[in-house]
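Architecture at a glance
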Amino acid sequence: MKFISLTTVIITAAAMTGVVIASAANGPNLVCTPGYGGCATVASYNNGLDFAFGCGSNGHMNSWTPCSCKKCCQVIRGADGSTAGDCP
């Protein structure tokens, strides 16, 4: 029984590590409003600097544009009410 539990822990830890590595390579996988974009700051991404993001139809960020500054990303609102983040 202990062998199965230890195996489960090792597999779970390996899977979680893979998720963290995949997220760090592309950007944070945060929940957002489908079809909209914006600006965010996450300590573990882009060294804590701002980034602009797009949100996919699944309600999770699917594109990231790192900014080179803090508090400089601007949310731009389109005529149709959509939003997008923009790094200067």
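Residues numbered from 1 in each chain as written. Predicted model: local features only at pLDDT ≥ 70, side-chain atom pairs only at ≥ 80, totals over all residues. Heavy atoms only, no water.

Details of the state of the cysteines
Summed over all chains, the structure comprises four disulfides. Of note for the protein: the bonded cysteines, numbered N- to C-terminal, pair according to 1-3, 2-7, 4-8, 5-6. (Disulfide = S-S within 2.5 Å.)

Regarding the environment of C87
Within the secondary structure layout, C87 lies in the segment after β5 (83-86). Counting along the chain gives 36 residues from C87 to F51, while the straight-line C-alpha distance between them is 7.1 Å. With residues up to four places along the chain from it excluded, the contact list for C87 reads A52, T65, P66, C67 and C73. (Helix = DSSP H or I, 4+ residues; strand = E, 2+ residues; numbered from the N terminus. Contact = heavy atoms within 4.5 Å.)

Observations concerning the sheet that holds strand β3 (residues 61-66)
A sheet is described by the order of its strands in space; here three strands give the open sequence β1-β2-β3, paired in antiparallel fashion. Whereas interior strands pair on both sides, the edge strands pair on one side only; in this sheet they are β1 (37-41) and β3. Looking at each pair of strands side by side, their axes are set apart by 30° on average, direction ignored. Inspection of the sheet shows strand β2 (residues 50-55) paired to β3 by five bridges, in the antiparallel sense. Paired with G54 across the strands is S63, a residue of β3. (Pairing = 2+ DSSP bridges. Axes fitted to C-alpha atoms, helices over the stretch in contact; angles between N-to-C directions.)

Here's the deal with the pairing of β5
In the sheet, strand β4 (residues 74-77) pairs with β5 via four bridges, with the strands oriented antiparallel. Opposite V75, over in β5, you have G85 as the bridge partner. Taking the residues between adjacent antiparallel strands as the criterion, β4 and β5 are bridged by five residues, where G81 takes a positive phi near 90°.

A look at the environment of A52
You can see A52 is positioned in strand β2. Taking the C-alpha atoms as reference, A52 lies 6.5 Å from C87; in sequence the two are 35 residues apart. Not counting chain neighbours up to four residues away, the residues in contact with A52 comprise G38, C39, S63, W64, T65, C67, C73, G85, D86 and C87.

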